[in-house]
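Chains, contacts and geometry: an overview
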Amino acid sequence: MSDNNQRYKPYMSDKELRAFFESSETLSVQDALILAMTPPQQNGRLSGLSFTFPDAPFPPQTMLWVDVTKRPEIRDLARVHATEGPGTSTLTWSYINESRLDCYFVFHVVMHTPVRVSFRIPIFLREWYTIIDTVSQTGSISLLAGPPVNWRELQTTLNTVELEATIHTQAGGGITLTFDDEMQRELRHHYENHVEAIMKRLGRG
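As the structure is a prediction and not an experimental result, all values here were calculated from the model. (Residues numbered from 1 in each chain as written. Predicted model: local features only at pLDDT ≥ 70, side-chain atom pairs only at ≥ 80, totals over all residues. Heavy atoms only, no water.)

1. Structural notes on the overall build of the chain
Counted only if it meets this: Where helices and strands are cited, they refer to DSSP runs of H or I of at least four residues and of E of at least two residues respectively, numbered from the N terminus. Each residue is assigned to one of three classes by its accessible area relative to the maximum for its type, calculated with a 1.4 Å probe on protein chains only: buried under 20%, partly exposed between the two thresholds, exposed over 50%. Residue contacts follow a heavy-atom distance rule, with two residues in contact if any of their heavy atoms lie within 4.5 Å.
Tallying secondary structure elements over the chain gives 6 helices and 7 strands in all. A total of 205 residues make up the chain; the buried ones form 45% of that total. Residue pairs in contact within the chain that sit at least 24 positions apart in sequence constitute 71% of those at least 6 positions apart.

Here's what the structure looks like:
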């Protein structure tokens, strides 16, 4: 297992980025969903999707589908977590090309128990900024092995509880990783600084 707790160059050339993405340590994002519950109806049922965090009555759950083609053993992590517990892990964030349009926030995961495995997930801010915005406020993220579930179609017929259950069933389960307050503040700080820098770059600050 390689050391996934390293820090990368703050700025990378296109060639360096290609090598970074081609590494077996790197799992690419295939899709994402911010799932939140609206208040219960009078009959007690939970229904609907809400994206009004932090005003939503329940904290949203951020789901991230990752491509495990290069690392098929990672697909089994959900089963291991379900049967043996979450174990221990080291979680870190690194920032590549920060304050630029080609910025990536990289989520590093090093699991120590119940299995030893490491991987990293680069999140392209220009495409997935709402994911980082939400995760930096909730302090947790759920990872699912791809291919993604067709949640855009499912959400038209299922309530939130049913949608979440269907997603986990079709994905073979998932793992939820939670980081401490200090890491959450660090992530939020980098996110807000990045947004401010981009707004100034675009002449909107």
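Here the narrative resumes, following the displayed structure.
2. Concerning the pattern of salt bridges
Just so we agree on the cut-off: Throughout this description, the term salt bridge denotes a Lys or Arg side-chain nitrogen within 4 Å of a carboxyl oxygen of Asp or Glu.
In the structure shown here, the tally under the stated rule is 8 salt bridges. Between lysine 200 and glutamate 196 there is a salt bridge, with its nearest N and O atoms 3.4 Å apart. Of this pair, lysine 200 and glutamate 196 both sit in helix 6 (residues 181-201), 4 residues apart, roughly one helical turn. Take lysine 200: its relative accessible area is 55%, and that puts it in the exposed class. Looking at glutamate 196, the relative accessible area reads 41%, which means it is partly exposed. Among the charged side chains, a salt-bridge network with shared partners connects Glu25, Arg71 and Glu73.

3. As for the packing of aromatic side chains
Rules: Stacked, tilted and edge-to-face are the three classes assigned to paired rings of Phe, Tyr and Trp, where Trp is represented by its six-membered ring and a pair needs centres within 6.5 Å; plane angles under 30 degrees give stacked, over 60 edge-to-face, the rest tilted. Look at NZ for Lys and CZ for Arg. If either is within 6 Å of the ring centre and within 35 degrees of the ring normal, a charge sits over the ring.
All told, the structure shown has 7 aromatic pairs when counted by the stated rule. With centroids separated by 4.7 Å and ring planes inclined at 85°, the aromatic side chains of tyrosine 95 and phenylalanine 105 adopt a geometry described as edge-to-face. On the criterion of sequence distance, the pair formed by tyrosine 95 in strand 3 (residues 88-96) and phenylalanine 105 in strand 4 (residues 104-113) is long-range, its members being 10 residues apart. The same class applies to tyrosine 95 as to phenylalanine 105, namely buried. Cluster of aromatic residues (ring-pair linked, three or more members): Phe20, Phe21, Tyr104 and Phe124. Of note, arginine 120 hangs over the ring of phenylalanine 20, and the distance from its end group to the ring centre comes to 4.2 Å.

4. Here we look at the sheet that holds strand 2 (residues 61-66)
Heads up, the rule is: Pairing between strands is defined by DSSP: at least two bridges between the two strands are required. Think of each axis as a best-fit line through the C-alpha atoms, taken over the contacting stretch in the case of a helix, with angles from 0 to 180 degrees between the N-to-C directions.
Here we have 4 strands laid out as an open sheet, ordered 1-2-6-7, and mixed in their pairing. Two strands bound the open sheet, and with one partner strand each, they are strand 1 (29-35) and strand 7 (175-178). Here the average twist between neighbouring strands, direction ignored, is 25°. Taken together, the 4 bridges between strand 6 (residues 140-145) and strand 7 define a ladder with antiparallel strand orientation. Each bridged residue has a counterpart across the sheet, and for serine 142 the counterpart in strand 7 is threonine 176. Contacts between helix 5 (residues 160-171) and the sheet are confined to strand 1, strand 2 and strand 6, with strand 2 contributing the most and set at about 25° to the helix.

5. A word on the layout of surface pockets
Note the threshold: Here a cavity denotes grid points, spaced 1 Å and computed from the protein atoms alone, that fit a 1.4 Å probe unable to get out, and a pocket denotes an open set having protein on both sides within 12 Å along at least 5 of 7 lines; residues with an atom within 4 Å of a point are the lining. Grid points are joined across faces, edges and corners, and a volume is the space filled by probe spheres set on the points. For this classification, the nonpolar set comprises Ala, Val, Leu, Ile, Met, Phe, Trp, Tyr, Cys and Pro, the charged set comprises Asp, Glu, Lys and Arg, and every other residue, Gly included, is treated as polar.
Quantified by volume, the largest pocket comes out at close to 220 Å³. Taken together, 11 residues form the lining of the largest pocket, with Leu125, Arg126, Tyr129, His194 and Ile198 sitting closest to its centre. With 4 residues, the single largest contributor to the lining of the largest pocket is helix 6. Per-class residue counts for the lining of the largest pocket are 7 nonpolar, 1 polar and 3 charged.

6. Let's talk about the packing of helix 3 (residues 125-138) against helix 6
Just so we agree on the cut-off: For any helix crossing, the convention is left-handed if the near helix is rotated counterclockwise from the far helix by under a right angle, and right-handed if that rotation is clockwise.
The N-to-C vectors of helix 3 and helix 6 enclose an angle of 145°; their axes lie 9 Å apart at closest approach. The interaxial crossing formed by helix 3 with helix 6 has left-handed handedness. Only Gln184, Leu187, Arg188, Tyr191 and His194 of helix 6 make contact with helix 3, whose side of the interface consists of Leu125, Tyr129, Ile132, Asp133, Val135, Ser136, Gln137 and Thr138.

7. As for the pairing of strand 2
When you tally the buried positions in strand 2, you get 6 out of 6 residues, the bulk of the element. Both faces of strand 2 are covered, namely the face carrying Gln61, Met63 and Trp65 and the face carrying Thr62, Leu64 and Val66. Looking at chain direction, strand 1 and strand 2 are connected through 6 bridges and run antiparallel. The residue bridging valine 29 from the neighbouring strand is valine 66, located in strand 2. Taken together, the 4 bridges between strand 2 and strand 6 define a ladder with parallel strand orientation.

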